[in-house]
Amino acid sequence: REFLVAAYLKGKRNDEALQLTWQLFAQQTCLEHYKKLHDVAAQLGVWPTQRARALAFVADAIARQASTTARWKPKSSVPDYSLRLEIALWEKDLEAAWAASIAGSCDRHLLIALAGKLESSRSADAVSLYRRVVPPIVAPGGNPAYEEAIKLIRKIGGLMNSLGRTREFDEYLDELHMQFKPKRNFIKLLDGVAQSSAGLKTVRHAK
C-alpha cells in the first residue's frame, strides 16, 4: 500500500493516495499509521481537516472498544486512552496529553513519559502521574520492578520537596509501606528512600 500511495502521489492522483492512506489508518489505527496519514495529508495541504477526522475516528474507536464485550473481556467502564495520549505526545501537545491521561486508563510507559515532560512546568501533575503508576509496577513483584518503582518514588520525593510537600511525601511512603508490607525486598528499598529523606531533612534543619 505504501508503494501505491507513493505511486499515486507521483502521478498526481492525490485523492486516491489520501484515500488509500486513510484506509490503512482506519483498518489498523495506531500511531505509525497516524504519522503516515499526517505525512500524506500535509504534503497535499489538507492536514488540519484530516487530523480532525482522524482524532474523531480515534475517539469513536476508544468508545467502541470500551463498550465491546466478550467471554474473556467484560464491558469496561474505564476506556483505554493510550493511543490518544501517544498521539498527543508525538504532537507535543501537553494539554491534550494531560486530558487523555485523566480521561481513562493509559499504558504506564506513556504516563511516565508524560510525567517527565511535565516535571518542570507542572510538577504537581507530574507527581500525580508518577504516583498513579507506582502500584501497578510493584504489584506483580520482582526486583527489576521494585527498582523501577523506587526510581519513580525518588522522583516523587524530589518534586514534592520542591513543592514544599515534604510531610506529604513521608505520609506517602507510609502508605506504600502498609500497602506492600508483604513484599519484603521492596520494603527494604523503600526504607532506604525513607532514610535518605530523613537525612535530607536533618541537614536542612541543621542549616
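Quick summary incoming for the structure in this document. The model shown is predicted, which means the values in this text are computed figures rather than measured ones.

Cut-offs applied
- Residues numbered from 1 in each chain as written.
- Predicted model: local features only at pLDDT ≥ 70, side-chain atom pairs only at ≥ 80, totals over all residues.
- Heavy atoms only, no water.
- Phe/Tyr/Trp six-rings, centres within 6.5 Å; stacked < 30°, edge-to-face > 60°.
- Helix = DSSP H or I, 4+ residues; strand = E, 2+ residues; numbered from the N terminus.
- Lys NZ or Arg CZ within 6 Å of the ring centre and 35° of its normal.
- Core = buried A, V, L, I, M, F, W, Y, C linked by side-chain atoms within 4.5 Å.
- Buried < 20%, exposed > 50% of the residue type's maximum accessible area, 1.4 Å probe, protein only.
- Contact = heavy atoms within 4.5 Å.

Looking at the packing of aromatic side chains
For step 1, the next point in the chain: The final tally for this structure, using the stated rule, is nine aromatic pairs.
For step 2, the next point in the chain: Ring geometry for tryptophan 22 versus phenylalanine 25: centroids 5.4 Å apart, planes at 50 degrees, classification tilted. Taken together, the positions of tryptophan 22 and phenylalanine 25, both in helix H2 (residues 14–27) and three residues apart, correspond to about one turn of that helix.
For step 3, the next point in the chain: Judged by centre distance (5.7 Å) and plane angle (80 degrees), the rings of tryptophan 22 and phenylalanine 57 are edge-to-face. Pair noted here: tryptophan 22 is in helix H2 and phenylalanine 57 is in helix H4 (residues 47–67), with a separation of 35 residues, a long-range link.
For step 4, the next point in the chain: Three or more aromatic residues link up through ring pairs in this structure, and these residues are Trp22, Phe25, Tyr34, Trp47, Phe57 and Trp90.
For step 5, the next point in the chain: Residue placement shows arginine 53 over the ring face of tryptophan 22; its charged tip is 3.7 Å from the ring centre.
For step 6, the next point in the chain: Sitting over the face of the ring of phenylalanine 57, arginine 64 holds its NZ or CZ atom 5.6 Å from the ring centroid.

Observations concerning the nonpolar core
For step 1, the next point in the chain: Judged by nonpolar contacts, the single largest core of 40 residues is most densely connected at Leu85, Val134, Ile153 and Phe186.
For step 2, the next point in the chain: Element by element, the count of residues in this core is highest for helix H9 (residues 143–162), at nine residues.
For step 3, the next point in the chain: Other than its neighbours up to four places away in sequence, isoleucine 153 contacts Val134, Phe169, Tyr172, Leu173, Leu176, Phe186, Leu190 and Val193.

Considerations on the environment of serine 101
For step 1, the next point in the chain: Mapped onto the elements, serine 101 comes out in helix H6 (residues 94–103).
For step 2, the next point in the chain: Residue serine 101 is classed as buried on the basis of its relative accessible area of 0%.
For step 3, the next point in the chain: For the pair formed by serine 101 and isoleucine 87, sequence separation is 14 residues and the distance between their alpha carbons is 12 Å.
For step 4, the next point in the chain: Leave out the neighbours within four places in its chain, and serine 101 touches Cys106, Leu111, Leu114, Leu129 and Arg132.

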